[in-house]
There are 2 protein chains.
Amino acid sequence: MELLEARIRRDGKIRGGDVLKVDSFLNHQMDVELFNQIGQEFYRLFGGCGVNKILTIEASGIGIACITAQYFHCPVIFAKKNKTKNIAGDVYTSKVESFTHGKVYDIIVSREFLLPSDRVLLIDDFLANGSALQGLIQLVRSAGAGLVGAGICVEKAFQPGGGMIRGMGVRVESLARIASMSEEEGVTFC
Amino acid sequence: MELLEARIRRDGKIRGGDVLKVDSFLNHQMDVELFNQIGQEFYRLFGGCGVNKILTIEASGIGIACITAQYFHCPVIFAKKNKTKNIAGDVYTSKVESFTHGKVYDIIVSREFLLPSDRVLLIDDFLANGSALQGLIQLVRSAGAGLVGAGICVEKAFQPGGGMIRGMGVRVESLARIASMSEEEGVTFC
C-alpha cells in the first residue's frame, strides 16, 4: 500500500537495529484518516470472504480494527492481556511472547463472542516474530471458528513471523512489508 | 442518550453490587455501529469547541475514541499503561488507580504529541471513581494544553468520580448516567 509505505518513509523512526517507531501515526498517536484508507484496503482484500467478526489484541490493534470494521459492518473483539474481575471464567486462552516487553503473557477472549459459525478476520498493527498473531489464531481454533486470514499494517519481513504464519496455511496480507532497515539506510520495502 | 441506555438495559449484566458488564457491545466485543452513534453524539456536544486532539487510555477507550475522531477530523492519542522500549524517555506521566485490577499504575504519553496549542477532548468508556480521568487530566495539564472536557459513555453516578471531576471545573458529558443498579432491580438512569 503506497500511502502507508510513504508515511513510514516520512514519519517512521528507526532505533537501533530493529525497532521501527511509528508512534506518530499508528500506535500511540493515531491518524484516523490514514486508518480509513487502511480499512478500505483490508476490505478490498478480504471483502468477499464472508467476514462477520474482526479479532484483534489490545492495545494498538483496536483502533485500526474498529475503523476497518465499519467497512465490513461487523463487530470487533479484542483479546485481553490480563484476566480482570469483569471477565467471567468462561474464556479461551493462549500465550503470547512479547519481545518488546520481554515476557510471556496470557491473552483471553470470552467464549460467548467466538462461535463455530463465525468467519474471523484478524487485524493487527505489526507482524514481526508472529507471537501475537499465533496467539490469536489459537483462540480462533479453540473456538472452532473459521479463520479467513490476517490483515497486518506493517510486517517486518526480515523477521520469521510472516513465513511461519503463512506456513501454517493462514492467508496473511501485509500492507507494508519491510525487507530491511537501518538508521543509516532507512527502510527498504519488499 | 436513549439508544445507549436502551442497549445497557437490554444487554448489560449486573454482577454483585457494582459491576456492570457491557462487554458484549462496549469493551470486549465492540459494536462499531453503536460507536458511530456515540461519536456523533460527542460531536453534537463538543463539536463547537475547537477540539484538535482526542486523548484516551488503553485499552477499552481506544475504539470509541477512534470512531469519534472521524467526526472531529483529528488524531487520537492513547495514554499507555506501561513504559515500553518503543517509547522514548520524553513523556508526561501520571498515576491511575484501577479498582478492577486492584493496583496503581503509571500512564504515559509522549511529550511530542501533547502541545500547549492543543485543545483536547478526553474520551473513555466508563467513569466510576474517576481515577483514570483524573490521570488523563493531569497529562493534559502537564503539557499546558487546553482541556475542552470529557466525553464518557457510561457514568456510575452513584460513585464519586463524576462529582469530583466536575468539581475540578472540568466539563463532563456522560451519555448514560446510572443512578443505581442491582441484580434484582436492574439499572436506573438519572
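Keep in mind that this is a model prediction, so the values were computed, not measured.

### A look at the sheet that holds strand β3 (residues 29-30) of chain B
Overall, mixed pairing links the seven strands, which are arranged β11(A)-β10(A)-β9(A)-β8(A)-β4(A)-β5(A)-β3(B) in an open sheet. Across the chains shown, the open sheet's two edge strands, defined by having one partner strand only, are β11 (186-189) of chain A together with β3 of chain B. Pairing between strand β10 (residues 172-182) of chain A and β11 of chain A: four bridges, direction antiparallel. Paired with Ser 182 of chain A across the strands is Gly 186 of chain A, a residue of β11 of chain A.

### Thoughts on the interface of chain B and chain A
With 43 residues of chain B at the contact, the number on the chain A side is 43 residues. With both sides pooled, the region where chain B packs onto chain A buries about 3,600 Å², and carbon together with sulfur makes up 57% of that total. Linking chain B to chain A there are two salt bridges. Between chain B and chain A we count 13 residue pairs in polar contact (both at pLDDT 80 or more) in total. Only β2 (19-21), β3, α2 (32-46), α3 (61-72), β5 (76-79) and β7 (103-110) of chain B provide two or more residues apiece to the side of chain B that touches chain A. Considering every element that reaches the side of chain B that touches chain A, the biggest residue donor is α3 of chain B, with six residues. Examined bridge by bridge, strand β5 (residues 76-79) of chain A and β3 of chain B share two bridges and lie antiparallel to one another. Across the sheet, residue Ile 77 of chain A finds its bridge partner in β3 of chain B, namely Gln 29 of chain B.

### What to know about the confidence of the model for chain A
Confidence in the prediction of chain A, expressed as mean pLDDT, is 94, and 96% of residues score 70 or more. As scored by the predictor, the complex reaches a pTM of 0.95 and an ipTM of 0.95.

### Some thoughts on the relation of the copies chain B and chain A
Rotating chain B by 180° about the axis while translating it 0.0 Å along that axis superimposes it on chain A, leaving an RMSD of 0.0 Å. Expressed as a symmetry operation, the mapping of one chain copy onto the other fits a two-fold axis.

### Re the packing of helix α2 (residues 32-46) of chain A against α3 of chain B
The contact between α2 of chain A and α3 of chain B brings their axes to 9 Å, and the two run at 105°. As far as their axial angle goes, α3 of chain B and α2 of chain A are roughly perpendicular. Packed against α2 of chain A, whose contacting residues are Val 32, Phe 35 and Asn 36 of chain A, the element α3 of chain B presents Cys 66, Ala 69 and Gln 70 of chain B at the interface. Within the contact of α2 of chain A with α3 of chain B, the residues separate by chemical class into four nonpolar, two polar and no charged.

### Some remarks on the pattern of salt bridges
Residue and element names in this part refer to chain A. Scanning all chains against the criterion turns up 24 salt bridges over all chains. Between Asp 118 and Lys 53 there is a salt bridge, with its nearest N and O atoms 3.0 Å apart. Residue Asp 118 is found in the loop between β7 (103-110) and β8 (119-127), and its partner Lys 53 is found in strand β4 (residues 53-57); the two are separated by 65 residues along the sequence. Of the two residues examined, Asp 118 and Lys 53, each falls in the buried class. Each of the salt bridges in this network shares a partner with another, and the network as a whole consists of Arg 7, Arg 10, Asp 11 and Asp 31.

### Observations concerning the environment of Val 154 of chain A
Residues and elements named next belong to chain A. With respect to the helices and strands, the residue Val 154 is situated in strand β9 (residues 146-156). As a C-alpha pair, Val 154 and Ala 128 span 26 residues in sequence and 8.6 Å in three-dimensional space. If we ignore the near neighbours within four places in the chain, the residues touching Val 154 are Ile 8, Leu 20, Leu 26, Asp 125, Phe 126, Leu 127, Ala 176 and Ile 178.

### Some remarks on helix α1 (residues 2-11) of chain B
Each full turn of the α-helix corresponds to 3.6 residues, which orients residues three or four apart in the same direction. Residue and element names in this part refer to chain B. Within α1 the residues assigned to the buried category are Leu 4, Glu 5, Arg 7, Ile 8 and Asp 11. Projected down its long axis, α1 carries its buried residues within an arc of 160°, all on one side. Exposed positions of α1 whose direction lies more than 90 degrees from the buried face are Glu 2 and Arg 10.

### Considering the nonpolar core
Judged by nonpolar contacts, the single largest core of 78 residues is most densely connected at Ile 38 and Ile 54 of chain A together with Leu 4, Ile 38 and Ile 54 of chain B. Every residue in contact with Ile 54 of chain B, bar those within four places of it in the chain, is listed here: Ala 65, Thr 68, Ala 69, Phe 72, Cys 74, Pro 75, Val 76, Ile 77, Leu 121 and Ile 123 of chain B.

### Considerations on the sheet that holds strand β11 (residues 186-189) of chain B
One open sheet accounts for seven strands, arranged β3(A)-β5(B)-β4(B)-β8(B)-β9(B)-β10(B)-β11(B); its pairing is mixed. Single-partner strands in this sheet number two, and they are β3 (29-30) of chain A together with β11 of chain B. On the sheet, α1 of chain B packs against β9 (146-156), β10 (172-182) and β11 of chain B and is oriented at approximately 30° with respect to β10 of chain B. Packing against the sheet, α2 of chain B makes contact with β8 (119-127), β9 and β10 of chain B, and its axis sits at approximately 135° to β9 of chain B.

Definitions and cut-offs
Residues numbered from 1 in each chain as written. Chains lettered and ligands numbered in written order. Predicted model: local features only at pLDDT ≥ 70, side-chain atom pairs only at ≥ 80, totals over all residues. Heavy atoms only, no water. Pairing = 2+ DSSP bridges. Helix = DSSP H or I, 4+ residues; strand = E, 2+ residues; numbered from the N terminus. Contact = heavy atoms within 4.5 Å. Buried area = accessible area lost by both parts, 1.4 Å probe. Salt bridge = Lys/Arg side-chain N within 4 Å of Asp/Glu carboxyl O. Polar contact = N/O pair within 3.5 Å; in protein donor to acceptor, adjacent residues only side chain to side chain. pLDDT = per-residue confidence, 0-100. Least-squares fit on C-alpha atoms with pLDDT ≥ 70 in both. Axes fitted to C-alpha atoms, helices over the stretch in contact; angles between N-to-C directions. Parallel < 35°, antiparallel > 145°, perpendicular 65-115°, else oblique. Nonpolar A, V, L, I, M, F, W, Y, C, P; charged D, E, K, R; others polar. Buried < 20%, exposed > 50% of the residue type's maximum accessible area, 1.4 Å probe, protein only. Arc of directions from axis to C-beta. Core = buried A, V, L, I, M, F, W, Y, C linked by side-chain atoms within 4.5 Å.

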